[in-house]
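Residues per chain are reported as follows:
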Amino acid sequence: MRTTGLTVGLVLATLFAGGLAAQDVPLRLDGRVSPEVQRAVRRIAADAAARDLPVDPLVQKAIEGAAKGVPAERVIAAVRALAARLGEAREAVRDAGVAAPSGHLVEGGADALNAGLSGRQVADLVRASQPPYDAALTLQVAATLAALGVPTGQAFQLVQGMISAGRSPSDLLGLPGQVQAGVARGATPAQAAAGLARAAGGAPPGRLPDWVPPGQRKPRNPHKP
Amino acid sequence: MKTGYHALVKRLLDGELTLAELPPELRAEGEEALRLVGAADRAPVALSPALDERVMAAVRRHAGAPANRVWRWLNTPRDVELRLRVRPWTVWAGGLAAAAALALLLGRAAPAPQPGPGTQARAGTRDSVLVRFVLYAPGARRVAVAGTFNQWDRTIAPLVPAGTSGVWTTTLALPVGQHQYAFVVDGARWIVDPAAPAVDDGFGRRNSVVAVSAPGGHTL
């Protein structure tokens, strides 16, 4: 009897685990946003949760808007637009073969779409981001580059090139700052990105010129038996 | 002393050639090599029979220690026969419970930021790094930084003035990843960090972006 009770309890807990985040929404919004925004965001979040989309970015966006004193209707519109982008991003990420993407990854995809990258580019970057690269961070970096004014195709190629050249995740994260520094020195965002792409073409510091990224086959040495 | 010998001298040392078979110009090198190897190649040392006894006595003493006997008893494999008499439905219930528990654990392991002030969202939380925020705001009465890392709360991360120069600063521990933020001057005026990249915030304004790399990470 005790076993049955435990089983039922665990199964029920599993079933409802996915809905907990949506239930947290009023708690998180309470006192942070106006009642009008709270009502609207609860509806949007419930709909998002039903579609298996992450709810946290929606709550964050509502809180951000309210903290900045943005009018309620504008906050609601932004949250609604974000929910739509999260849905598109989830599809793009699934196209990359990730059947059950994390909320963080979907959010990164939404950032990239918002910055102008296409769904196909999002999927390609997710495919390219095998460990140690975090696909969500890859997408966020590409999004930030595009937001800085780097043409989206160039931002996509720069990030993809850094990964295929085996540059570290830290190098990847540093790209927006590098572009910003280039712009401060008088380059256009495109020129700054092109310079970084050229620099990424060589071997990383401390590596031999014939170094290849982990997982790739080194060319056969004809002098070795 | 030489650190490397000619290939023919190595063959001499390997016993494949004799000294006489070496070319005359290599004979001196070969003789030197043989002399050095000969000095190291001593006759076998005969051990005293008493040494065997002393070693074995030490081993027996060690093996006979009570702690070692207990450890051996605990560590020795034994055949154990376990007979269970169960109803089939209890097996299925147990299996389901285990699967549900596993699903719950995996669900908890997924990155799901929790509510509350100071929540660090939008980032892989593998590591935290101290990040210094600096703003030049002469005439400001108070300055704070709010962003995705603190739920946009403009009260919990105030900057402090560095002297009377108008420079405000604070240091926060942020998780590795990319975060959006803005400075809040005098509790109402939101401004971007002039020293950082900025992106559209969805409300027609801009957010600054900070990329936090793992300690030891390097950039181009």
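Now for a quick tour of the structure. (Residues numbered from 1 in each chain as written. Chains lettered and ligands numbered in written order. Predicted model: local features only at pLDDT ≥ 70, side-chain atom pairs only at ≥ 80, totals over all residues. Heavy atoms only, no water.)

### Regarding the overall build of chain A
From N to C terminus, chain A includes twelve helices and zero strands. Taken from the N to the C terminus, the helices and strands of chain A come in the order α-α-α-α-α-α-α-α-α-α-α-α. For chain A, contacts bridging at least 24 residues in sequence account for 66% of all contacts bridging at least 6. On chain A, roughly 11000 Å² of surface is accessible, and the fraction owed to carbon and sulfur atoms is 56%. (Helix = DSSP H or I, 4+ residues; strand = E, 2+ residues; numbered from the N terminus. Contact = heavy atoms within 4.5 Å. Areas by Shrake-Rupley, 256 points an atom, 1.4 Å probe, with all protein chains shown as cover.)

### Considerations on unusual backbone geometry
Note the cis peptide between proline 131 of chain A and proline 132 of chain A, where omega equals 15 degrees. In this model, tryptophan 152 of chain B sits at a positive phi of 55 degrees, which is unusual for a non-glycine residue. For tryptophan 152 of chain B, the location among the structural elements is in the loop between β2 (143-147) and β3 (158-161).

### Describing the pattern of salt bridges
Across all of its chains, the model carries seven salt bridges over all chains by this definition. For glutamate 64 of chain A, the salt bridge identified is with lysine 68 of chain A, shortest N-O distance 2.8 Å. Given the relative accessible area of 6%, lysine 68 of chain A is considered buried. A cluster of three or more residues bridged by salt bridges with shared partners is formed by Lys61, Glu64 and Lys68 of chain A together with Asp201 of chain B. (Salt bridge = Lys/Arg side-chain N within 4 Å of Asp/Glu carboxyl O. Buried < 20%, exposed > 50% of the residue type's maximum accessible area, 1.4 Å probe, protein only.)

### What about helix α8 (residues 135-147) of chain A?
Residue and element names in this part refer to chain A. Compared with an ideal rise of 1.5 Å per residue, which puts 13 residues at 18 Å, α8 spans 18 Å between its outermost C-alpha atoms and is within 8% of the ideal. Within α8, twelve of the 13 residues are buried, which leaves it mostly tucked inside the rest of the structure. Ala135, Ala136, Leu137, Thr138, Leu139, Gln140, Val141, Ala142, Ala143, Thr144, Leu145 and Ala146 are the residues of α8 that are buried. The backbone nitrogen of alanine 136 lies 2.9 Å from a side-chain oxygen of the residue at the head of α8, namely aspartate 134. (Expected span 1.5 Å × (residues − 1). Polar contact = N/O pair within 3.5 Å; in protein donor to acceptor, adjacent residues only side chain to side chain.)

### A word on the side chain of threonine 144 of chain A
Examined against the element boundaries, threonine 144 of chain A turns out to sit in helix α8. Residues in contact with threonine 144 of chain A, not counting those within four places in the same chain, are Pro176 of chain A together with Gln178, Val199 and Val209 of chain B.

### Considerations on the packing of helix α6 (residues 103-114) of chain A against helix α7 (residues 119-128) of chain A
All names here are of chain A. The interhelical angle for the contact between α6 and α7, taken along N-to-C directions, is 135 degrees, at an axis separation of 10 Å. With respect to their mutual orientation, α6 and α7 come out oblique. Between α6 and α7 lies a crossing of right-handed hand. For the pair α6 and α7, contact is made by Leu105, Gly109, Ala112 and Leu113 and by Gly119, Val122 and Val126, respectively. (Axes fitted to C-alpha atoms, helices over the stretch in contact; angles between N-to-C directions. Parallel < 35°, antiparallel > 145°, perpendicular 65-115°, else oblique. Left-handed = near helix turned anticlockwise from the far one by under 90°.)

### Quick notes on helix α5 (residues 72-95) of chain A
Taking 1.5 Å of rise per residue, the 24 residues of α5 of chain A would be expected to cover 34 Å, and the 35 Å separating its terminal C-alpha atoms lies within 8% of that figure. Where α5 of chain A ends, the next residue or the one after it, glycine 97 of chain A, has phi of about 100 degrees, a positive value.

### Here we look at the pairing of strand β7 (residues 206-212) of chain B
All names here are of chain B. Burial of β7 is extensive: five of the seven residues sit out of reach of the surface. When strand β6 (residues 198-200) meets β7, the two strands line up antiparallel, connected through three bridges. Each bridged residue has a counterpart across the sheet, and for valine 199 the counterpart in β7 is asparagine 207. Between the end of β6 and the start of β7, which pair antiparallel, lie five residues, with glycine 202 showing a positive phi angle near 90 degrees. (Pairing = 2+ DSSP bridges.)

### Observations regarding the packing of aromatic side chains
All names here are of chain B. This model, assessed by the stated rule, comprises six aromatic pairs over all chains. Centre to centre, the rings of phenylalanine 133 and tyrosine 181 are 4.9 Å apart; their planes meet at 75 degrees, and the pair counts as edge-to-face. Pair noted here: phenylalanine 133 is in strand β1 (residues 123-136) and tyrosine 181 is in strand β4 (residues 167-185), with a separation of 48 residues, a long-range link. Each member of the pair, phenylalanine 133 together with tyrosine 181, is buried. Note on phenylalanine 149 and tyrosine 181: the rings are 6.5 Å apart at their centroids and 45 degrees apart in plane angle, and the pair reads as tilted. Remark: tyrosine 181 occurs in strand β4 and phenylalanine 149 occurs in the loop between β2 and β3; sequence separation between them is 32 residues. Judged by relative accessible area, which is 4%, phenylalanine 149 ranks as buried. A residue is classified by how much of its surface remains accessible, and tyrosine 181, at 2% relative accessible area, is buried. (Phe/Tyr/Trp six-rings, centres within 6.5 Å; stacked < 30°, edge-to-face > 60°.)

### Focus on the nonpolar core
A general trend in soluble globular proteins is that nonpolar side chains are found buried together. Grouped together as the largest cluster of nonpolar side chains are 92 residues, with contacts concentrated most on Val122, Leu145, Val159 and Leu175 of chain A together with Phe133, Val143 and Val145 of chain B. In terms of residues, this core owes the most to one element, α5 of chain A, which gives eleven residues. If sequence neighbours within four positions are ignored, valine 143 of chain B has contacts with Leu135, Ala137, Pro158, Leu159, Trp168, Phe183, Val184 and Val185 of chain B. (Core = buried A, V, L, I, M, F, W, Y, C linked by side-chain atoms within 4.5 Å.)

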